[in-house]
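Chain by chain, the residues run as shown.
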Amino acid sequence: MFSSILTISRFSLIEAIRGKIIWIIAALMIMAMMLSLFVSQAALTETRESQVALMAGFLRISSILVMIFFVVSSIARDFQDKSIELLFAVSIPRYQVFIGKFFGFSLLSFLISGFYFFIFLFFSEAEAAFIWSVSFWFELSLMALLSLIFILSLENVALSLMISLGIYVLMRLMPAIQSMGEGPMQDGLFNQFINSMIDIIALFLPRLDLFSQSSWLIVNEISGIDIISFLIEFMLYVTFFILVGVFDLKRKSI
Amino acid sequence: MLKKGHHFKIQQAWILLIMFACFITIMLWRESTIYQRPKLLTLPDVPSESAMKLITASDQSFAYRMFLLWLQQFDVQAGQYISYRSLDYEKLINWLQALNKLESTSQYPLLLAARVYSRVEDQNKIRLMLKYVYNEYKANPVKNWRWLAEATITAQHKLKDLPLALKYATALAEEKSTSIPHWAKDIRLIVLENLGEFEQIKLLVGGLVANKTITDPNEIRFLDVLMKRVEEKARQNGE
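Rules of the game
- Residues numbered from 1 in each chain as written.
- Chains lettered and ligands numbered in written order.
- Predicted model: local features only at pLDDT ≥ 70, side-chain atom pairs only at ≥ 80, totals over all residues.
- Helix = DSSP H or I, 4+ residues; strand = E, 2+ residues; numbered from the N terminus.
- Rg over C-alpha atoms; globule rule 2.2 N^0.38 Å.
- Buried ≥ 20, exposed ≤ 12 C-beta atoms within 10 Å, placed from the backbone.
- Contact = placed C-beta atoms within 7 Å.
- Expected span 1.5 Å × (residues − 1).
- Axes fitted to C-alpha atoms, helices over the stretch in contact; angles between N-to-C directions.
- Left-handed = near helix turned anticlockwise from the far one by under 90°.
- Parallel < 35°, antiparallel > 145°, perpendicular 65-115°, else oblique.
- Core = buried A, V, L, I, M, F, W, Y, C linked by C-beta atoms within 7 Å.
- pLDDT = per-residue confidence, 0-100.
- Nonpolar A, V, L, I, M, F, W, Y, C, P; charged D, E, K, R; others polar.

(A) Layout of the overall build of chain B. What chain B contains, in helices and strands, is 13 helices and 2 strands. Relative to the globule expectation of 18 Å for 239 residues, the C-alpha radius of gyration of chain B, 30 Å, shows a markedly less compact shape. Dimensions of chain B, computed from the C-alpha atoms along their principal axes, are close to 110 × 40 × 30 Å. For chain B, buried positions account for 27% of its 239 residues. For chain B, contacts bridging at least 24 residues in sequence account for 56% of all contacts bridging at least 6.

(B) Region of the structure containing the overall build of chain A. Each helix and strand in chain A was counted, giving 10 helices and 0 strands. Counted from the first residue to the last, chain A has its helices and strands arranged as α-α-α-α-α-α-α-α-α-α. Taken over the C-alpha trace, chain A has a radius of gyration of 20 Å; the compact-globule value for 254 residues is 18 Å, and the two agree within 12%. Structurally, chain A occupies a C-alpha span of about 60 × 55 × 35 Å along its principal axes. For chain A, the residues scored as buried account for 37% of the 254 residues in total. Taking all contacts inside chain A whose residues are at least 6 apart in sequence as the whole, residues at least 24 apart take part in 78%.

(C) How the structure looks around helix α8 (residues 189-203) of chain A. With 15 residues, α8(A) should cover 21 Å at 1.5 Å per step; its first-to-last C-alpha distance of 21 Å lies within 8% of that length. Of all 15 residues in α8(A), 0 are buried; the element is thus mostly exposed.

(D) Local environment of the packing of helix α6 (residues 126-154) of chain A against helix α7 (residues 157-180) of chain A. Residues and elements named next belong to chain A. Where α6 meets α7, the axes come as close as 9 Å, and the angle between the chain directions of the two elements is 145 degrees. The two elements α6 and α7 cross, and the hand of that crossing is right-handed. Contact with α6, carried on its side by Met143, Leu146, Ser147, Phe150, Ile151 and Leu154, involves Leu159, Ser160, Ile163, Ser164, Ile167 and Tyr168 of α7 and no other residues of that element.

(E) Examining the packing of helix α8 (residues 141-157) of chain B against helix α9 (residues 162-173) of chain B more closely. Residues and elements named next belong to chain B. Where α8 contacts α9, the two axes come as close as 8 Å, and the packing angle between them is 160 degrees. If you check the angle between α8 and α9, you find them roughly antiparallel. Here α8 and α9 pass one another in a crossing that is left-handed. For the pair α8 and α9, contact is made by Trp145, Leu148, Ala149, Ala151, Thr152, Ala155 and Gln156 and by Leu162, Leu164, Ala165, Tyr168, Ala169, Ala171 and Leu172, respectively.

(F) Main features of unusual backbone geometry. One non-glycine residue, Lys82(A), lies in positive phi territory at about 65 degrees. Along the chain, the position of Lys82(A) falls in the loop between α3 (47-80) and α4 (83-89). Even without being a glycine, Lys160(B) presents a positive backbone phi close to 55 degrees. In this structure, Lys160(B) sits in the loop between α8 and α9.

(G) Structural context of the nonpolar core. Membership of the largest hydrophobic core comes to 107 residues, with the highest contact counts inside it found for Val71(A), Leu148(A), Ala113(B), Val133(B) and Leu148(B). At 19 residues, α6(A) tops the list of elements feeding residues into this core. Residues contacting Leu148(A), with those up to four places away along its chain left out, are Val71(A), Ile75(A), Lys101(A), Phe102(A), Phe105(A) and Gly245(A).

(H) Region of interest: the confidence of the model for chain B. All names here are of chain B. When pLDDT is averaged along chain B, the result is 85; 93% of the residues meet or exceed 70. Mean pLDDT across the elements of chain B bottoms out in helix α2 (residues 33-36) (62) and peaks in helix α7 (residues 123-139) (95). For this predicted complex, the interface confidence comes out at an ipTM of 0.77, alongside a pTM of 0.81.

(I) Quick peek at the interface of chain A and chain B. In this assembly, 22 residues from chain A lie in contact with 20 residues from chain B. The set of elements that each furnish at least two residues to the side of chain A that touches chain B consists of α3, α7 and α9 (214-219) of chain A. Counting residues per element, the side of chain A that touches chain B draws most heavily on α7(A), which supplies 6 residues. Of the residues contributing to the side of chain A that touches chain B, the split by class is 11 nonpolar, 8 polar and 3 charged.

(J) Spatial organisation of the environment of Phe110(A). Residue and element names in this part refer to chain A. Along the chain, Phe110 turns up in helix α5 (residues 94-120). The partly exposed category is assigned to Phe110, around which 16 C-beta atoms lie within 10 Å. For Phe110 and Val134, which are 24 residues apart along the polypeptide, the C-alpha to C-alpha distance reads 8.0 Å.

(K) Geometry of the confidence of the model for chain A. Summary statistics for chain A give a mean pLDDT of 90 and a share of 97% for residues scoring 70 or more. The secondary structure element of chain A with the lowest average pLDDT is α4(A), at 83, and the one with the highest is α6(A), at 95.

(L) Representation of the environment of Lys250(A) in the model. Residues and elements named next belong to chain A. Counting through the fold element by element, Lys250 comes out in helix α10 (residues 224-251). Given 11 C-beta atoms within a 10 Å radius, Lys250 is considered exposed. Separated by 73 residues in sequence, Lys250 and Ile177 place their C-alpha atoms 35 Å apart.

Below is the structure:
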(Lines give C-alpha, C1' and ligand atoms only; values in the text may rest on other atoms or scores of the structure.)
Protein backbone atom coordinates (compact mmCIF):
# COMPACT_ATOMS: atom_id res chain seq x y z
CA MET A 1 0.00 0.00 0.00
CA PHE A 2 2.64 2.47 1.11
CA SER A 3 4.97 1.65 -1.74
CA SER A 4 2.34 2.53 -4.37
CA ILE A 5 1.43 5.75 -2.51
CA LEU A 6 5.10 6.67 -2.28
CA THR A 7 5.72 5.87 -5.96
CA ILE A 8 2.81 8.05 -7.10
CA SER A 9 3.87 10.91 -4.79
CA ARG A 10 7.46 10.61 -6.04
CA PHE A 11 6.29 10.95 -9.63
CA SER A 12 4.15 13.97 -8.74
CA LEU A 13 7.19 15.61 -7.18
CA ILE A 14 9.41 14.74 -10.17
CA GLU A 15 6.77 16.23 -12.46
CA ALA A 16 6.82 19.43 -10.42
CA ILE A 17 10.59 19.66 -10.56
CA ARG A 18 10.67 18.92 -14.30
CA GLY A 19 7.88 21.44 -14.78
CA LYS A 20 10.27 24.10 -13.48
CA ILE A 21 8.17 24.88 -10.40
CA ILE A 22 11.38 25.29 -8.41
CA TRP A 23 12.51 27.97 -10.85
CA ILE A 24 9.22 29.79 -10.42
CA ILE A 25 9.66 29.65 -6.64
CA ALA A 26 13.24 30.90 -7.02
CA ALA A 27 11.94 33.80 -9.13
CA LEU A 28 9.35 34.57 -6.43
CA MET A 29 12.07 34.58 -3.79
CA ILE A 30 14.18 36.99 -5.85
CA MET A 31 11.14 39.25 -6.28
CA ALA A 32 10.49 39.07 -2.53
CA MET A 33 14.10 40.07 -1.82
CA MET A 34 13.79 42.99 -4.25
CA LEU A 35 10.56 44.02 -2.55
CA SER A 36 12.34 43.93 0.80
CA LEU A 37 15.12 46.13 -0.62
CA PHE A 38 12.54 48.61 -1.89
CA VAL A 39 10.77 48.64 1.47
CA SER A 40 14.06 49.15 3.31
CA GLN A 41 14.50 52.35 1.30
CA ALA A 42 10.90 53.52 1.60
CA ALA A 43 10.12 52.84 5.27
CA LEU A 44 10.86 55.64 7.72
CA THR A 45 10.90 53.39 10.76
CA GLU A 46 10.27 49.74 11.70
CA THR A 47 12.12 48.74 8.53
CA ARG A 48 12.60 45.09 9.45
CA GLU A 49 8.96 44.74 10.45
CA SER A 50 7.79 46.28 7.17
CA GLN A 51 10.17 44.10 5.13
CA VAL A 52 9.07 40.90 6.86
CA ALA A 53 5.32 41.62 6.71
CA LEU A 54 5.36 42.49 3.01
CA MET A 55 7.69 39.64 2.05
CA ALA A 56 5.64 37.09 3.97
CA GLY A 57 2.39 38.37 2.47
CA PHE A 58 3.78 38.42 -1.04
CA LEU A 59 5.33 34.93 -0.79
CA ARG A 60 2.19 33.46 0.75
CA ILE A 61 -0.24 34.77 -1.87
CA SER A 62 2.02 34.10 -4.86
CA SER A 63 2.94 30.57 -3.74
CA ILE A 64 -0.70 29.68 -3.14
CA LEU A 65 -1.45 30.83 -6.71
CA VAL A 66 1.46 28.81 -8.10
CA MET A 67 0.35 25.72 -6.17
CA ILE A 68 -3.30 25.95 -7.29
CA PHE A 69 -2.27 26.46 -10.93
CA PHE A 70 0.24 23.62 -10.77
CA VAL A 71 -2.14 21.06 -9.21
CA VAL A 72 -4.99 21.89 -11.58
CA SER A 73 -2.82 21.89 -14.70
CA SER A 74 -0.99 18.72 -13.66
CA ILE A 75 -4.20 16.70 -13.18
CA ALA A 76 -5.74 18.26 -16.31
CA ARG A 77 -2.70 17.01 -18.27
CA ASP A 78 -3.20 13.56 -16.71
CA PHE A 79 -6.78 13.61 -18.01
CA GLN A 80 -5.65 14.74 -21.45
CA ASP A 81 -2.90 12.18 -21.98
CA LYS A 82 -5.08 9.48 -20.37
CA SER A 83 -2.47 8.67 -17.72
CA ILE A 84 -5.13 9.00 -15.01
CA GLU A 85 -7.13 6.28 -16.77
CA LEU A 86 -4.02 4.15 -16.90
CA LEU A 87 -3.50 4.64 -13.17
CA PHE A 88 -7.07 3.62 -12.42
CA ALA A 89 -6.82 0.63 -14.75
CA VAL A 90 -3.93 -0.97 -12.85
CA SER A 91 -4.55 -2.77 -9.60
CA ILE A 92 -3.85 0.21 -7.33
CA PRO A 93 -6.94 1.22 -5.35
CA ARG A 94 -8.26 4.68 -6.20
CA TYR A 95 -7.79 6.00 -2.66
CA GLN A 96 -4.07 5.18 -2.92
CA VAL A 97 -3.82 7.13 -6.18
CA PHE A 98 -5.56 10.08 -4.54
CA ILE A 99 -3.43 9.98 -1.37
CA GLY A 100 -0.27 9.46 -3.46
CA LYS A 101 -1.03 12.53 -5.55
CA PHE A 102 -1.76 14.55 -2.41
CA PHE A 103 1.48 13.40 -0.72
CA GLY A 104 3.42 14.45 -3.81
CA PHE A 105 1.92 17.94 -3.73
CA SER A 106 2.44 18.10 0.03
CA LEU A 107 6.12 17.19 -0.45
CA LEU A 108 6.40 20.03 -2.95
CA SER A 109 4.77 22.34 -0.38
CA PHE A 110 7.32 21.15 2.16
CA LEU A 111 10.17 22.03 -0.22
CA ILE A 112 8.75 25.50 -0.89
CA SER A 113 8.19 26.24 2.81
CA GLY A 114 11.70 24.98 3.51
CA PHE A 115 13.16 27.57 1.09
CA TYR A 116 11.14 30.32 2.75
CA PHE A 117 12.34 29.24 6.18
CA PHE A 118 15.92 29.99 5.13
CA ILE A 119 14.91 33.41 3.79
CA PHE A 120 13.13 34.42 6.99
CA LEU A 121 16.10 33.27 9.09
CA PHE A 122 17.76 36.52 7.95
CA PHE A 123 14.90 38.67 9.22
CA SER A 124 13.34 36.89 12.20
CA GLU A 125 14.11 34.61 15.13
CA ALA A 126 14.74 31.00 14.02
CA GLU A 127 11.84 29.73 16.13
CA ALA A 128 9.35 32.18 14.58
CA ALA A 129 10.62 31.44 11.05
CA PHE A 130 10.30 27.71 11.72
CA ILE A 131 6.73 27.87 13.03
CA TRP A 132 5.65 30.19 10.20
CA SER A 133 7.18 27.81 7.64
CA VAL A 134 5.53 24.73 9.14
CA SER A 135 2.22 26.56 9.21
CA PHE A 136 2.69 27.66 5.61
CA TRP A 137 3.51 24.09 4.58
CA PHE A 138 0.15 23.01 6.03
CA GLU A 139 -1.69 25.91 4.38
CA LEU A 140 -0.13 25.14 1.00
CA SER A 141 -0.90 21.41 1.40
CA LEU A 142 -4.53 22.14 2.25
CA MET A 143 -4.89 24.31 -0.83
CA ALA A 144 -3.22 21.63 -2.99
CA LEU A 145 -5.67 19.08 -1.57
CA LEU A 146 -8.70 21.27 -2.31
CA SER A 147 -7.51 22.01 -5.85
CA LEU A 148 -6.94 18.27 -6.37
CA ILE A 149 -10.51 17.52 -5.28
CA PHE A 150 -11.97 20.22 -7.54
CA ILE A 151 -10.09 19.24 -10.70
CA LEU A 152 -10.73 15.52 -10.18
CA SER A 153 -14.38 16.15 -9.56
CA LEU A 154 -15.11 18.86 -12.15
CA GLU A 155 -12.55 17.91 -14.86
CA ASN A 156 -12.66 21.54 -15.98
CA VAL A 157 -9.54 23.70 -15.66
CA ALA A 158 -11.13 27.16 -15.64
CA LEU A 159 -13.89 26.17 -13.23
CA SER A 160 -11.48 24.41 -10.85
CA LEU A 161 -9.12 27.38 -10.82
CA MET A 162 -11.92 29.86 -10.12
CA ILE A 163 -13.44 27.74 -7.36
CA SER A 164 -10.06 27.04 -5.71
CA LEU A 165 -9.15 30.74 -5.71
CA GLY A 166 -12.63 31.75 -4.52
CA ILE A 167 -12.58 29.19 -1.71
CA TYR A 168 -9.11 30.39 -0.64
CA VAL A 169 -10.28 34.00 -0.38
CA LEU A 170 -13.42 32.87 1.44
CA MET A 171 -11.43 30.80 3.94
CA ARG A 172 -9.13 33.71 4.71
CA LEU A 173 -12.00 36.17 5.13
CA MET A 174 -14.60 33.93 6.77
CA PRO A 175 -14.11 35.13 10.40
CA ALA A 176 -14.42 38.77 9.25
CA ILE A 177 -17.58 37.96 7.29
CA GLN A 178 -19.02 36.18 10.32
CA SER A 179 -18.22 39.05 12.68
CA MET A 180 -19.78 41.54 10.23
CA GLY A 181 -22.98 39.54 10.38
CA GLU A 182 -23.09 39.87 14.16
CA GLY A 183 -23.40 43.66 14.19
CA PRO A 184 -26.12 45.45 16.21
CA MET A 185 -28.29 46.13 13.13
CA GLN A 186 -28.28 42.50 11.96
CA ASP A 187 -31.08 41.01 14.04
CA GLY A 188 -33.76 40.69 11.29
CA LEU A 189 -35.11 37.28 10.37
CA PHE A 190 -33.50 37.33 6.93
CA ASN A 191 -30.14 38.36 8.40
CA GLN A 192 -30.36 35.61 10.97
CA PHE A 193 -31.02 33.11 8.18
CA ILE A 194 -28.04 34.40 6.17
CA ASN A 195 -25.85 34.34 9.28
CA SER A 196 -26.72 30.71 10.01
CA MET A 197 -26.02 29.81 6.36
CA ILE A 198 -22.61 31.48 6.62
CA ASP A 199 -21.94 29.64 9.89
CA ILE A 200 -22.78 26.32 8.22
CA ILE A 201 -20.48 27.07 5.25
CA ALA A 202 -17.74 28.09 7.70
CA LEU A 203 -17.96 24.67 9.36
CA PHE A 204 -16.85 23.00 6.13
CA LEU A 205 -13.86 25.27 5.62
CA PRO A 206 -10.62 25.44 7.62
CA ARG A 207 -9.86 28.78 9.22
CA LEU A 208 -6.87 29.73 7.11
CA ASP A 209 -6.61 33.08 8.92
CA LEU A 210 -5.09 31.08 11.79
CA PHE A 211 -2.27 29.88 9.52
CA SER A 212 1.08 31.58 8.74
CA GLN A 213 0.39 35.04 10.10
CA SER A 214 2.99 37.65 9.18
CA SER A 215 2.81 39.09 12.70
CA TRP A 216 4.50 35.92 14.03
CA LEU A 217 7.64 36.84 12.13
CA ILE A 218 7.53 40.41 13.40
CA VAL A 219 6.98 40.18 17.12
CA ASN A 220 8.58 36.74 17.57
CA GLU A 221 5.90 35.91 20.11
CA ILE A 222 3.77 32.96 19.09
CA SER A 223 1.45 31.62 21.73
CA GLY A 224 0.92 27.90 22.28
CA ILE A 225 -2.74 28.41 21.35
CA ASP A 226 -1.70 29.79 17.95
CA ILE A 227 0.34 26.67 17.24
CA ILE A 228 -2.23 24.21 18.56
CA SER A 229 -5.00 26.01 16.63
CA PHE A 230 -3.43 25.60 13.21
CA LEU A 231 -2.20 22.07 13.98
CA ILE A 232 -5.68 20.88 14.96
CA GLU A 233 -7.33 22.71 12.05
CA PHE A 234 -4.89 21.04 9.65
CA MET A 235 -5.28 17.54 11.08
CA LEU A 236 -9.08 17.69 11.12
CA TYR A 237 -9.58 19.23 7.71
CA VAL A 238 -6.91 17.23 5.90
CA THR A 239 -8.60 14.03 7.09
CA PHE A 240 -12.05 15.38 6.18
CA PHE A 241 -10.98 16.55 2.71
CA ILE A 242 -9.10 13.31 1.93
CA LEU A 243 -12.28 11.39 2.77
CA VAL A 244 -14.34 13.75 0.58
CA GLY A 245 -11.86 13.32 -2.29
CA VAL A 246 -11.70 9.54 -1.98
CA PHE A 247 -15.50 9.26 -1.75
CA ASP A 248 -15.93 11.38 -4.86
CA LEU A 249 -13.28 9.43 -6.76
CA LYS A 250 -14.81 6.08 -5.85
CA ARG A 251 -18.22 7.00 -7.26
CA LYS A 252 -16.70 8.49 -10.41
CA SER A 253 -16.73 6.50 -13.63
CA ILE A 254 -13.39 6.98 -15.32
CA MET B 1 3.81 25.48 -53.98
CA LEU B 2 5.60 28.55 -55.31
CA LYS B 3 2.34 30.40 -55.51
CA LYS B 4 1.53 29.47 -51.94
CA GLY B 5 4.95 30.68 -50.76
CA HIS B 6 4.51 33.95 -52.64
CA HIS B 7 1.06 34.42 -51.09
CA PHE B 8 2.52 33.72 -47.63
CA LYS B 9 5.22 36.37 -48.15
CA ILE B 10 2.58 38.95 -49.11
CA GLN B 11 0.63 38.05 -45.96
CA GLN B 12 3.77 38.46 -43.87
CA ALA B 13 4.44 41.85 -45.43
CA TRP B 14 0.91 42.96 -44.60
CA ILE B 15 1.25 41.77 -41.01
CA LEU B 16 4.55 43.63 -40.68
CA LEU B 17 3.01 46.76 -42.16
CA ILE B 18 0.03 46.68 -39.76
CA MET B 19 2.38 45.95 -36.85
CA PHE B 20 4.47 48.98 -37.81
CA ALA B 21 1.34 51.14 -38.09
CA CYS B 22 0.22 49.90 -34.65
CA PHE B 23 3.58 50.78 -33.17
CA ILE B 24 3.50 54.28 -34.67
CA THR B 25 -0.03 54.76 -33.27
CA ILE B 26 1.17 53.62 -29.82
CA MET B 27 4.03 56.14 -29.96
CA LEU B 28 1.67 58.94 -31.01
CA TRP B 29 -0.77 57.99 -28.27
CA ARG B 30 1.98 58.01 -25.64
CA GLU B 31 3.14 61.41 -26.84
CA SER B 32 -0.36 62.85 -26.87
CA THR B 33 -1.30 65.36 -24.21
CA ILE B 34 -4.39 63.41 -23.16
CA TYR B 35 -2.25 60.51 -22.08
CA GLN B 36 0.37 62.64 -20.37
CA ARG B 37 -1.96 64.86 -18.38
CA PRO B 38 -1.41 63.83 -14.78
CA LYS B 39 -4.51 63.31 -12.72
CA LEU B 40 -4.13 64.55 -9.17
CA LEU B 41 -5.57 62.05 -6.74
CA THR B 42 -7.18 63.16 -3.51
CA LEU B 43 -6.94 61.13 -0.34
CA PRO B 44 -9.94 58.78 -0.16
CA ASP B 45 -12.11 58.39 2.93
CA VAL B 46 -11.16 55.68 5.39
CA PRO B 47 -13.26 52.56 4.80
CA SER B 48 -15.91 51.84 7.42
CA GLU B 49 -14.87 49.76 10.41
CA SER B 50 -16.44 46.57 9.06
CA ALA B 51 -14.95 47.11 5.59
CA MET B 52 -11.55 47.69 7.18
CA LYS B 53 -11.99 44.49 9.15
CA LEU B 54 -12.76 42.60 5.93
CA ILE B 55 -9.80 44.11 4.06
CA THR B 56 -7.31 43.36 6.80
CA ALA B 57 -8.76 40.06 8.05
CA SER B 58 -6.63 37.82 5.87
CA ASP B 59 -3.29 39.03 7.20
CA GLN B 60 -3.45 42.08 9.45
CA SER B 61 0.28 42.84 9.55
CA PHE B 62 0.59 42.61 5.77
CA ALA B 63 -2.42 44.89 5.18
CA TYR B 64 -1.22 47.34 7.84
CA ARG B 65 2.25 47.73 6.30
CA MET B 66 0.81 48.01 2.77
CA PHE B 67 -1.57 50.78 3.85
CA LEU B 68 1.21 52.61 5.72
CA LEU B 69 3.54 52.64 2.72
CA TRP B 70 0.69 53.68 0.44
CA LEU B 71 -0.24 56.57 2.76
CA GLN B 72 3.37 57.60 3.22
CA GLN B 73 3.93 57.67 -0.55
CA PHE B 74 0.64 59.40 -1.34
CA ASP B 75 2.40 62.73 -1.97
CA VAL B 76 4.27 61.11 -4.89
CA GLN B 77 1.82 60.88 -7.77
CA ALA B 78 2.20 60.28 -11.51
CA GLY B 79 5.79 61.48 -11.62
CA GLN B 80 5.22 64.57 -9.47
CA TYR B 81 5.43 65.46 -5.80
CA ILE B 82 2.40 67.12 -4.31
CA SER B 83 2.78 69.38 -1.32
CA TYR B 84 1.53 68.23 2.06
CA ARG B 85 -0.42 71.50 2.05
CA SER B 86 -2.71 70.08 -0.64
CA LEU B 87 -3.49 66.99 1.43
CA ASP B 88 -6.76 66.87 3.35
CA TYR B 89 -5.46 66.66 6.92
CA GLU B 90 -8.82 65.67 8.40
CA LYS B 91 -8.86 62.59 6.18
CA LEU B 92 -5.17 62.00 6.78
CA ILE B 93 -5.75 61.92 10.54
CA ASN B 94 -8.68 59.55 10.07
CA TRP B 95 -6.33 57.24 8.16
CA LEU B 96 -3.64 57.44 10.84
CA GLN B 97 -6.22 56.73 13.54
CA ALA B 98 -7.61 53.72 11.67
CA LEU B 99 -4.12 52.32 11.01
CA ASN B 100 -2.99 52.91 14.58
CA LYS B 101 -5.76 50.59 15.75
CA LEU B 102 -4.48 47.74 13.58
CA GLU B 103 -1.14 47.04 15.23
CA SER B 104 -0.93 47.92 18.88
CA THR B 105 2.87 47.67 19.17
CA SER B 106 3.79 49.73 16.12
CA GLN B 107 4.94 53.35 16.39
CA TYR B 108 4.78 54.07 12.66
CA PRO B 109 1.55 56.18 12.39
CA LEU B 110 2.63 58.42 15.28
CA LEU B 111 6.07 58.87 13.72
CA LEU B 112 4.42 59.98 10.48
CA ALA B 113 2.22 62.41 12.43
CA ALA B 114 4.92 63.90 14.67
CA ARG B 115 7.87 63.87 12.32
CA VAL B 116 6.56 63.94 8.75
CA TYR B 117 3.12 65.51 8.45
CA SER B 118 3.77 68.20 11.08
CA ARG B 119 6.57 69.61 8.89
CA VAL B 120 3.97 71.16 6.58
CA GLU B 121 4.07 74.92 5.95
CA ASP B 122 0.56 75.48 7.20
CA GLN B 123 -0.02 76.40 10.84
CA ASN B 124 -3.58 75.04 10.97
CA LYS B 125 -2.49 71.70 9.57
CA ILE B 126 0.39 71.49 12.03
CA ARG B 127 -2.03 72.20 14.87
CA LEU B 128 -4.38 69.46 13.65
CA MET B 129 -1.52 66.95 13.53
CA LEU B 130 -0.19 67.94 16.96
CA LYS B 131 -3.70 67.65 18.41
CA TYR B 132 -3.90 64.15 16.98
CA VAL B 133 -0.56 63.22 18.63
CA TYR B 134 -1.79 64.72 21.92
CA ASN B 135 -5.03 62.68 21.77
CA GLU B 136 -3.09 59.49 21.05
CA TYR B 137 -0.79 60.28 23.98
CA LYS B 138 -3.82 60.72 26.25
CA ALA B 139 -5.13 57.34 25.08
CA ASN B 140 -1.82 55.55 25.70
CA PRO B 141 0.83 57.68 27.45
CA VAL B 142 3.31 54.83 27.99
CA LYS B 143 3.45 53.99 24.29
CA ASN B 144 3.19 57.48 22.81
CA TRP B 145 5.10 59.80 25.17
CA ARG B 146 8.05 60.33 22.88
CA TRP B 147 5.83 61.57 20.05
CA LEU B 148 4.26 64.12 22.39
CA ALA B 149 7.78 65.21 23.39
CA GLU B 150 8.48 65.85 19.69
CA ALA B 151 5.12 67.61 19.34
CA THR B 152 6.09 69.92 22.22
CA ILE B 153 9.30 70.88 20.42
CA THR B 154 7.33 71.47 17.18
CA ALA B 155 4.80 73.65 19.04
CA GLN B 156 7.60 75.67 20.62
CA HIS B 157 9.92 76.15 17.65
CA LYS B 158 7.81 75.79 14.53
CA LEU B 159 4.49 77.19 15.71
CA LYS B 160 6.12 79.52 18.28
CA ASP B 161 3.08 78.77 20.41
CA LEU B 162 4.54 78.53 23.91
CA PRO B 163 1.22 78.06 25.75
CA LEU B 164 0.46 75.06 23.50
CA ALA B 165 3.98 73.70 24.07
CA LEU B 166 3.44 74.15 27.82
CA LYS B 167 0.14 72.26 27.63
CA TYR B 168 1.86 69.28 25.99
CA ALA B 169 4.93 69.47 28.25
CA THR B 170 2.70 69.60 31.34
CA ALA B 171 0.81 66.53 30.12
CA LEU B 172 4.17 64.72 29.89
CA ALA B 173 5.36 65.94 33.28
CA GLU B 174 2.18 65.04 35.09
CA GLU B 175 2.06 61.46 33.83
CA LYS B 176 2.70 59.15 36.78
CA SER B 177 4.17 56.27 34.75
CA THR B 178 7.83 55.56 35.41
CA SER B 179 8.37 54.54 31.80
CA ILE B 180 8.49 58.19 30.79
CA PRO B 181 12.07 59.38 31.45
CA HIS B 182 12.78 62.52 33.41
CA TRP B 183 14.34 64.29 30.45
CA ALA B 184 10.95 64.20 28.77
CA LYS B 185 9.22 65.46 31.90
CA ASP B 186 11.86 68.22 32.21
CA ILE B 187 10.79 69.71 28.87
CA ARG B 188 8.15 71.59 30.89
CA LEU B 189 10.93 73.45 32.74
CA ILE B 190 12.53 74.53 29.46
CA VAL B 191 9.21 75.76 28.07
CA LEU B 192 8.54 77.64 31.31
CA GLU B 193 12.01 79.21 31.06
CA ASN B 194 11.18 80.40 27.54
CA LEU B 195 7.88 81.75 28.81
CA GLY B 196 9.74 83.62 31.54
CA GLU B 197 7.88 81.81 34.32
CA PHE B 198 10.94 81.77 36.61
CA GLU B 199 9.06 81.52 39.91
CA GLN B 200 7.13 78.49 38.70
CA ILE B 201 10.38 76.78 37.66
CA LYS B 202 11.88 77.37 41.08
CA LEU B 203 8.81 75.87 42.73
CA LEU B 204 8.75 72.85 40.44
CA VAL B 205 12.47 72.10 40.71
CA GLY B 206 12.38 72.60 44.46
CA GLY B 207 9.47 70.18 44.66
CA LEU B 208 11.16 67.56 42.46
CA VAL B 209 14.33 67.59 44.56
CA ALA B 210 12.53 67.80 47.90
CA ASN B 211 10.23 64.81 47.35
CA LYS B 212 13.17 62.84 45.87
CA THR B 213 11.45 62.34 42.52
CA ILE B 214 14.85 62.95 40.97
CA THR B 215 17.80 61.04 42.34
CA ASP B 216 20.10 60.77 39.34
CA PRO B 217 23.22 62.96 40.02
CA ASN B 218 23.50 64.09 36.39
CA GLU B 219 19.91 65.17 36.32
CA ILE B 220 20.28 67.04 39.62
CA ARG B 221 23.32 68.77 38.09
CA PHE B 222 21.21 69.72 35.02
CA LEU B 223 18.53 71.17 37.29
CA ASP B 224 21.21 73.08 39.27
CA VAL B 225 22.49 74.66 36.05
CA LEU B 226 18.93 75.46 35.01
CA MET B 227 18.17 77.03 38.39
CA LYS B 228 21.29 79.21 38.24
CA ARG B 229 20.39 80.34 34.72
CA VAL B 230 16.81 81.06 35.78
CA GLU B 231 17.95 83.05 38.81
CA GLU B 232 20.36 85.05 36.62
CA LYS B 233 17.57 85.80 34.13
CA ALA B 234 15.19 86.73 36.95
CA ARG B 235 17.82 89.11 38.40
CA GLN B 236 18.32 90.71 34.97
CA ASN B 237 14.56 91.14 34.62
CA GLY B 238 14.51 92.71 38.06
CA GLU B 239 12.22 90.09 39.61
